[in-house]
Amino acid sequence: MADGSISCEVAVVGGGPAGLAAACTAAESGRRVVLLDESPWLGGQIWRGEQNAAAHPHASAWFARFDRSGAKVLARSTVISSPAPGSLLAEQDGEGFQVKWDRLILATGARELFLPFPGWTLPGVMGPGGLQSLIKNGWPVSGQRVVVAGSGPLLLAVADTLRKHGANVRMIAEQASWSSVIRFGLGLAAHTSKLLQAALLKLRLLGIQNRYGAWPVSAEGKDRIQMVTLTDGAGTWKLDCDLLACGFGLVPNLELAMALGCELKDGFVRVNDLQATSIPNVFCAGEPTGIGGADCALVEGQIAGYASAEFKAQAERLFAKRRSWHTFRTALAEAFALRPVLKNLATNETIICRCEDVSLGRLRQCTHWREAKLHSRCGMGACQGRVCGAAAKFILGWEPESIRPPVLPARVGSLISSRSEKSGGHFR
Amino acid sequence: MNNAVQITINGRPVSVPAGIVVAAALARSGTIQFRSSITGQPRGPLCGMGICMECRATINGQTNCRSCLIVCEEGMEIRTYG
Amino acid sequence: MSEAFDIVIAGAGIVGAACARECAAGGLKVLVLDQGPVGGGTTGAGMGHLVVMDDSEAQFSLTSYSRSLWHQLAPELPPDVEYEQCGTLWVAADDEEMSEVSRKQEHYAQRGVRVEVLDGAAVAKAEPNLRAGLRGGLRVPEDAVLYPPCAARFLLDRAREQGAVVRTGLSVTQLLPEGGVVLADDSRISAGISVNATGPWSPGLNPGLPVRKRKGHLVITDRYPAFVHHQIVELGYLKSAHAVSQDSVAFNIQPRKNGQLLIGSSRQFDAEGTEVNQGILDRMLKRALEYLPSLRALSAIRVWTGHRAATPDKLPLIGPSYSSNRIWLASGHEGLGITTSLGTGRLLADMLLNRKSAIPPDPYLPGRFAP
């Protein structure tokens, strides 16, 4: 458009499984669809790198379907804010632009939960999903000694990727108990693709030490990690390592939904049967509505896409499949629930807010999140409280408050929505 | 794609495989400390997906770029805050 | 259950905190109440610029006096208050603004406030990131900046050392004409005098008070140390602050001690909501880019809004209200609350303790608005 903005009928934010599926069904239903994603690729986190070298059969089928759908992609595009209903402000390669939409589908995915412990800020300590993504994008791990710790099915997946790229995986330490995980595994029978995946992974991981009911207590090293100490509450193990992949499951990326005013329920975006949020014409699918993994996201995304195009009947045909994945989603949360002792890993000296170097002891002088932000500057740095906020919620029970734009840091120039040159005279 | 891409890291010319991200190029050049925290602690990438802001580097003169989300391009000049 | 205090202050922002410190230091038994955290209102939203302003003699007097109190306090301020005497640089874009520079220079110098006039070349040398072609400027080297919420907390810490009590998370719903306050749970706390230091919310406790909410926007960037060295304000700022009814923006940027940049400023009446107004934000940032073009590529972390407490004559209300001599006011500071908090506290305590003030308190007495 002449003012530099892009217009569409359905805007999809996020190019992971949920976003791809939503874009496909919306476009196939005849809508003009634009999909925005921050990274140079599609696939979100879980299918990162799959476009060129698909490991999952599902992924390549969906990429192909997306290519055929007619949906337009805006890669390297970060959504900054919603300056007015029906409009998004975004930034691509350092330049701002607007996207005008009739329907909006949020598929912003999830990020890893990082629980602080002494030494967790050392270079070489990374999220398992983060390390997996980086490996797919060229991060070297061949010959390196890696310990994988934390919680969730992601640990096995990253251990597998590490092994395939020549790393020496010394141990996988899952904080959930063996019995929890086994019960979950048995429950997977209803979800055959997951069962197969899990079995395959397990086979390939023979020879790697697997501990359950174990978690890290400290990382040590000078300028980078050199050793990690783990415990199961009874014994401790010290392992020399070059990298520590440690993350405790996933938390939803709610920021854009909150910026739009979408209501939350139990810490996730509240949606109805048609994946519609509390804000008219705004839908949400995938992890922000509940941590359910790629298959769950695919179903929800398809429903949201059909719903955004008002193809209710098509959407309803997927309800049964979604119910099934929601059962899986609940089982996932139960199996990998975090044990309370993890709240005590951080000492008063442990940094909680990495952007502003605020320790737990300093935070304990405050009574709630807002006070902590104002007085200690926790959450006021570049990550906008994403890392420390999730940790503070887990350790101290603090709820985050409403967010301020930009949803992600952006260039000052990109915050400006209108192209006209001058600052103008008086307004109104 | 098996072509190599020529970039510079903190002034040093380096050859990296095409298609890798800047963060990976930095790691391949031997550094996983990309920056220092406000109190001077060493920091490197944490989340790998653009939310933790620990992987920031200056790329072609543009500060505060998330190196985990940017693909290396021919002639790119990368500087870390070390 | 009611307790007895000499003074109950509604509002734990920087003005309430300064009043508490002065009253407690004067031997009064002080209670400070706030529904939110210390400095969580206007104090937490603003820029923290300690500046001498000369809209009127009374404003000059109060800001200059207050600034000297800050200078005295500076050595005691802890690191998290981030006090930095970086000075203000008022920049002139044209001849009209340059003659304003000369006028200000004379006005300030006559009243003993150090200033320097800079020509275009000197401005460019002082601030290399400013665009070329500015006519000149006025540097006020003894102006300073700080981080207001921690300054408010520091003042309350001092008050507590003198026996003051601070309770947050408690909402005051009424100021009693006989002295004291009523809380949201209907409990009462009696006091000799209650002080309304709630800023833009003051009319809620003193119905009919001539205090209006004046909305502002701010943007904070990531760390860019040495991008600017002074708080830089365009002389057009004065036109913006003057404008009574129109929405306006004016270029104003502050280097925080930690290297982050605070970009402002905007003024709107009749904008009660806290949401960001994109139209105003656009104008404010475009104005800033006209002065600092290379600001465009810097990383912005957060945009927020706040409301100032504005009075019809741009002077605060300090002293007994006109409805009851047991209800006092310390409110209406518009964009100068951080600066004049210390002067306000001192003047208020002077009145309460029957001490002679260093500057005449008359221009700020609430009685001037008595119907």
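Residues numbered from 1 in each chain as written. Chains lettered and ligands numbered in written order. Predicted model: local features only at pLDDT ≥ 70, side-chain atom pairs only at ≥ 80, totals over all residues.

## Description of the domain arrangement of chain A
Looking at the assigned domains, one finds that chain A contains domain 1 (6-111 + 251-334), domain 2 (114-248) and domain 3 (346-396). Centre-to-centre separation of domain 1 of chain A and domain 2 of chain A, based on C-alpha positions: 29 Å. (Domains from an automatic or database assignment.)

## Topic: the interface of chain B and chain A
On the side of chain A, 33 residues touch chain B, which itself brings 31 residues to the contact. Breaking the side of chain B that touches chain A down by element, the ones donating at least two residues are α1 (22-28), β4 (42-43) and β6 (62-66) of chain B. Ranked by residue count, the leading element in the side of chain B that touches chain A is α1 of chain B, at 4 residues. The class makeup of the residues in the side of chain B that touches chain A is 19 nonpolar, 9 polar and 3 charged. (Contact = placed C-beta atoms within 7 Å. Helix = DSSP H or I, 4+ residues; strand = E, 2+ residues; numbered from the N terminus. Nonpolar A, V, L, I, M, F, W, Y, C, P; charged D, E, K, R; others polar.)

## A closer look at the pairing of β6 of chain B
Residue and element names in this part refer to chain B. Bridge analysis of strand β5 (residues 56-59) against β6 gives 3 bridges, and the strand direction is antiparallel. Its bridge partner lying in β6, A57 is registered against C65. Linkage of β5 to β6, two consecutive antiparallel strands, is achieved through a turn of 2 residues, within which N60 is found at a positive phi near 50 degrees. (Pairing = 2+ DSSP bridges.)

## A look at helix α2 (residues 57-69) of chain A
Residue and element names in this part refer to chain A. The terminal C-alpha atoms of α2 lie 19 Å apart, and with 13 residues this matches the ideal 18 Å at 1.5 Å per residue to within 8%. Of the surrounding elements, those touching the buried residues of α2 are α1 (17-28). Taken from the residues just after α2, G70 is the one with a positive phi, measuring 95 degrees. (Expected span 1.5 Å × (residues − 1).)

## Observations regarding the nonpolar core
By size, the foremost hydrophobic cluster in this structure holds 276 residues, and its most contacted members are A23, L244 and I352 of chain A together with A20 and V30 of chain C. No other element matches the 9 residues that helix α8 (residues 293-308) of chain A contributes to this core. Leave out the neighbours within four places in its chain, and V30 of chain C touches F5, D6, I7, I9, A20, C23, A24, A159 and A164 of chain C. (Core = buried A, V, L, I, M, F, W, Y, C linked by C-beta atoms within 7 Å. Buried ≥ 20, exposed ≤ 12 C-beta atoms within 10 Å, placed from the backbone.)

## Thoughts on the interface of chain C and chain B
Every contact between the two is made by 4 residues of chain C and, on the other side, 4 residues of chain B. Here the residues of the side of chain C that touches chain B sort into 1 nonpolar, 2 polar and 1 charged.

## Side note on the sheet that holds strand β13 (residues 209-212) of chain A
All names here are of chain A. The 5 strands are arranged β10-β17-β11-β12-β13 in an open sheet whose pairing can be described as parallel. In this open sheet, the two strands that pair with only one neighbour each are β10 (125-126) and β13. Bridge count for strand β12 (residues 168-174) against β13 is 4 bridges, and the pairing is parallel. When the sheet's bridge partners are listed, I172 is paired in β13 with N210. Where helix α3 (residues 128-136) meets the sheet, it contacts β10, β11 (145-151) and β17 (243-248), and its direction lies at approximately 125 degrees from that of β17. Packed on one face of the sheet, helix α4 (residues 154-164) meets β11, β12 and β17 and runs near 180 degrees to β12. (Axes fitted to C-alpha atoms, helices over the stretch in contact; angles between N-to-C directions.)

## Details of unusual backbone geometry
Residue P406 of chain A is reached from P405 of chain A by a cis peptide bond, and omega for that bond is -5 degrees. In this structure, the amide linkage connecting G264 of chain C to the following residue, S265 of chain C, adopts the cis form with an omega of 5 degrees. Within the chain, Q275 of chain A stands out as a residue other than glycine whose phi angle is a positive 65 degrees. Structurally, Q275 of chain A is set in the loop between β20 (268-269) and β21 (282-284). In this structure Q275 of chain A comes out as buried when scored by C-beta crowding, with 30 C-beta atoms within 10 Å. Even without being glycine, Q384 of chain A reaches a positive phi, approximately 55 degrees. Here Q384 of chain A lies in the loop between α12 (369-376) and α13 (386-396). Residue classification places Q384 of chain A among the buried residues on the basis of 22 C-beta atoms within 10 Å.

## As for the sheet that holds strand β14 (residues 215-220) of chain A
Through backbone hydrogen bonds, the strands of a sheet pair up, either in parallel or in antiparallel fashion. All names here are of chain A. Ordered in space as β14-β15-β16, the 3 strands form an open sheet in which the pairing is antiparallel. Edge strands, defined here as strands with exactly one partner in the open sheet, are β14 and β16 (236-240). Across the sheet, the mean angle from the axis of one strand to that of its neighbour is 20 degrees, orientation sign disregarded. Where strand β15 (residues 227-231) lies against β16, 5 bridges are found, and the strand directions are antiparallel. Residue pairing for β16: L230 is matched across the bridge by W237.

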